[in-house]
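Examination of the molecular architecture
The residues making up each chain are set out below.
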Amino acid sequence: MTRAPKSSVRVGSTVLFFFLEFVCLFLIVEFNRGKSQTFWHSAGLVTGTLMEGVQFFQNMIGQQDKMKQIQAENAELKSKLINLQLSAATLPDPPTPDTLAQRYHLIPGRVINKNIIGSNNNFTIDIGGKDGVKPHMGVISAHGIVGIVVDTSRYFSKVMTILHSQARIDARLRSNKFHGSLVWDGDETDHLMLKAIPKHVRVELGDTVETSGYTDLFPPDILIGKVDSLKPIAGESTRFIRVKLFEDIARSQYVYVVENLFTPPDSLNAKD
Amino acid sequence: MDNSWIRHIIRFVALVLLQGLIVKRMYYGGTGFIRIEFLIYPLFILLLPIFTSRNALLAAGFCIGILVDLFYDSPGVHASAAVLTAFMRPRVLRRFEPGDGYEHKTPTIRSLGLQWFAKYAAMLMGIHVLAYYSMEVFNVLKTGQVLLRAAWGFLWSWALIMAIMLTFNPKE
């Protein structure tokens, strides 16, 4: 007959308990909120490779759908290209040498691990340093923005999605070009909050929200979502604008990392 | 002599991989009242031998938590909940101790009965999910969100753990 263990080692184990909880708390505060270290996330080779394996089987099951999706994306890209060529035809006269210089280069990648769980959501994508991906590059997909690269290893990259308590994206209203900061309130994965737009600005429900292009991360005019509802904040000169996302982040599979070819050398960006 | 520890190591590895590669994907939530998410790895802590020392329990809890964290990109979050669960287990065991003490090595349905195990699992899983979601959200102002997710998480996880136990019905 075994009695449940009683008090002999109790003090020691309580000390161990507090020690381990302290270690955990340290890890949570140190690595979960901002940029993480490669060791701790799935851009690490072991979990990354395992997850790629599971994703492979998942992809085999849904192959048909994926093909359709890629075709749709390609169609959209092609049409954008045509539009660009058209608008290029109407550009300055005489054109300056850099009028048609390519500013943004898209690196295609596939999401191999998703963490749309809780308040800090990350993706792992199957492209990394060898493909030219660097930290602090924007990530977009067919219908909108997805997130920001926070860390890369040679073969994988970790993307902090816009569904993350630390993510701040500069975005503007298409109709009047007022811009604010887009953040996630940690609950609904299909909505973001656009903050810092003054109360006096007239905001139409259904107005499109797009990237402003004021940061190096994203090209301007990338679609994000549409205004869903407005919420005043007592005692503040701004209000929350609830934005319904076009992209279902939880389901995005094919993404493009935005390489900004005009980014100044790192020395100028150092402060970040 | 006694090599039941091999069983526990296999269980450890299987539960980490199951949680990190498969159960993690069985997730639905964030767009309404209904949430679906499962935590099954605490089953490892639940099924450790009754006489496991408190220190070994805490170490085991920390190890499984930190490994699950590797898959969730959340260093420390699962680990802190698992350590708390391991810390509370001897207390829960003592509370639910049958009148004549524990006669078996491990707390399972086969050794202590369905009703006993259901209560035991509910108690420890309740502690675990509350700790996990509190750490995960990490914001006192979002207590409502913690409670909603914890309630759903508890329901699904407990049901899955009971289903696993009833299916495999391990002796120890």
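Here, every reference points to the structure presented above.
For the structure given in this document, a descriptive report is provided here. This is a predicted model, so every value here is computed, not measured.

When its secondary structure is counted, chain B shows seven helices and zero strands. What you see in chain B, going N to C, is helices and strands ordered as α-α-α-α-α-α-α. Taking all 172 residues of chain B together, 58% fall into the buried category. Taking as baseline every contact in chain B between residues at least 6 positions apart, the subset at least 24 positions apart corresponds to 71%. For chain B, the accessible area works out to roughly 7,000 Å², and carbon and sulfur atoms hold 71% of it.

Turning to the interface of chain B and chain A, a few remarks are in order. Every contact between the two is made by 47 residues of chain B and, on the other side, 52 residues of chain A. Between chain B and chain A the total buried area reaches about 4,300 Å² when both faces are included, carbon and sulfur atoms providing 59% of it. Looking only at chain B, the three residues that lose the most surface to chain A are B:Arg25, B:Asp73 and B:Pro75, adding up to 16% of its buried area. Taken together, the links from chain B to chain A amount to zero salt bridges.

What follows deals with unusual backbone geometry. Residue and element names in this part refer to chain A. Residues other than glycine seldom take positive phi values, yet His-136 does so here, at roughly 70°. Among the structural elements, His-136 can be located in the loop between β2 (120-125) and β3 (138-141). On the basis of relative accessibility, which here comes to 41%, the residue His-136 falls in the partly exposed class. We note that Ala-196 has phi near 70°; this positive angle belongs to a residue other than glycine. Relative to the helices and strands, Ala-196 is located in strand β8 (residues 191-198).

The subject of this paragraph is the sheet that holds strand β6 (residues 169-173) of chain A. All names here are of chain A. One closed barrel holds the six strands; their spatial order is β6-β7-β8-β11-β10-β9, and the pairing between them is antiparallel. For this sheet the average axis-to-axis angle between neighbouring strands, irrespective of direction, equals 40°. Pairing analysis gives seven bridges linking strand β10 (residues 223-232) to strand β11 (residues 238-245), with the strands arranged antiparallel. Across the sheet, residue Ser-229 finds its bridge partner in β11, namely Arg-242.

Working note: a packed helix pair is described by the angle between its axes plus the distance between those axes. The N-to-C vectors of helix α1 (residues 10-31) of chain A and helix α4 (residues 77-95) of chain B enclose an angle of 160°; their axes lie 7 Å apart at closest approach. Classified by the angle their axes make, α1(A) and α4(B) are roughly antiparallel. The two elements α1(A) and α4(B) cross, and the hand of that crossing is left-handed. For the pair α1(A) and α4(B), the contacting residues are A:Arg10, A:Thr14, A:Phe17, A:Leu20, A:Glu21, A:Cys24 and A:Ile28 in the first and B:Val77, B:Ala79, B:Ser80, B:Val83, B:Leu84, B:Phe87, B:Arg91 and B:Arg94 in the second. When the residues that make up the contact of α1(A) with α4(B) are grouped by side-chain class, the tally is nine nonpolar, two polar and four charged.

Attention now goes to the nonpolar core. Core analysis: the biggest nonpolar cluster contains 65 residues, and B:Leu43, B:Phe44, B:Ile64, B:Trp116, B:Phe117, B:Tyr120 and B:Tyr132 have the highest contact counts within it. At the level of elements, α1 of chain A together with α1 (4-22), α2 (42-46), α3 (54-72), α4, α5 (109-112), α6 (114-137) and α7 (143-168) of chain B are the ones that each hand at least two residues to this core. The element that contributes the greatest number of residues to this core is α6(B), accounting for 13 residues. Here B:Tyr120 is in contact with B:Ile45, B:Leu46, B:Arg89, B:Val92, B:Leu93, B:Phe96 and B:Pro107, once residues within four sequence places are set aside. Grouped together as the second largest cluster of nonpolar side chains are 42 residues, A:Val111, A:Ile125, A:Val133 and A:Val149 included.

Residues and elements named next belong to chain A. In terms of burial, strand β5 (residues 157-164) is a largely internal element, eight of the eight residues being buried. Pairing of β2 with β5, which is carried by five bridges, proceeds in the antiparallel orientation. Each residue of the ladder has a partner; that of Asn-122, found in β5, is Met-160. Of the pairings in the sheet, the one linking strand β4 (residues 144-152) to β5 comprises five bridges and is antiparallel in character. Pairing of Asp-151 across the sheet is with Lys-158, part of β5. Counted along the chain from β4 to the antiparallel partner β5, the turn is four residues long.

Take the packing of aromatic side chains next. Think of a pair of aromatic rings as described by two things: how far the centres are apart, and how the planes are tilted against each other in angle. Residues and elements named next belong to chain B. Enumeration over the complete set of coordinates arrives at nine aromatic pairs over all chains. For the pair Phe-12 and Phe-44, a centre-to-centre distance of 5.1 Å together with 80° between the ring planes defines the contact as edge-to-face. Here the residue Phe-12 occupies a position in helix α1, and Phe-44 occupies one in helix α2, the gap between them amounting to 32 residues. A single burial state applies to Phe-12 and to Phe-44, both of which are buried. Note on Trp-152 and Trp-156: the rings are 6.3 Å apart at their centroids and 15° apart in plane angle, and the pair reads as stacked. Highlighted residues: Trp-152 and Trp-156, both in helix α7, separated by four residues, approximately one helical turn. Using a relative accessible area of 16% as the deciding quantity, one classes Trp-152 as buried. Joined through ring pairs, the aromatic side chains of Tyr-102, Trp-116, Phe-117 and Tyr-120 make up one cluster.

With that settled, the discussion passes to the sheet that holds strand β1 (residues 104-114) of chain A. Residue and element names in this part refer to chain A. With antiparallel pairing, the six strands of this closed barrel are ordered in space as β1-β2-β5-β4-β3-β12. Strand-to-strand, the axes of this sheet are offset by a mean angle of 45°, without reference to chain direction. The pairing of β3 with β4 spans four bridges and is antiparallel. The residue bridging Val-139 from the neighbouring strand is Gly-147, located in β4.

What follows covers α3(B). Residues and elements named next belong to chain B. Compared with the 27 Å implied by 1.5 Å per residue over 19 residues, the 27 Å span of α3 between its first and last C-alpha is a close match. By the criterion of burial, α3 is predominantly enclosed, with 14 of the 19 residues buried. Backbone geometry just after α3 places Asp-73 at a positive phi near 55°.

Analysis parameters
- Residues numbered from 1 in each chain as written.
- Chains lettered and ligands numbered in written order.
- Predicted model: local features only at pLDDT ≥ 70, side-chain atom pairs only at ≥ 80, totals over all residues.
- Heavy atoms only, no water.
- Helix = DSSP H or I, 4+ residues; strand = E, 2+ residues; numbered from the N terminus.
- Buried < 20%, exposed > 50% of the residue type's maximum accessible area, 1.4 Å probe, protein only.
- Contact = heavy atoms within 4.5 Å.
- Areas by Shrake-Rupley, 256 points an atom, 1.4 Å probe, with all protein chains shown as cover.
- Buried area = accessible area lost by both parts, 1.4 Å probe.
- Salt bridge = Lys/Arg side-chain N within 4 Å of Asp/Glu carboxyl O.
- Pairing = 2+ DSSP bridges.
- Axes fitted to C-alpha atoms, helices over the stretch in contact; angles between N-to-C directions.
- Parallel < 35°, antiparallel > 145°, perpendicular 65-115°, else oblique.
- Left-handed = near helix turned anticlockwise from the far one by under 90°.
- Nonpolar A, V, L, I, M, F, W, Y, C, P; charged D, E, K, R; others polar.
- Core = buried A, V, L, I, M, F, W, Y, C linked by side-chain atoms within 4.5 Å.
- Phe/Tyr/Trp six-rings, centres within 6.5 Å; stacked < 30°, edge-to-face > 60°.
- Expected span 1.5 Å × (residues − 1).

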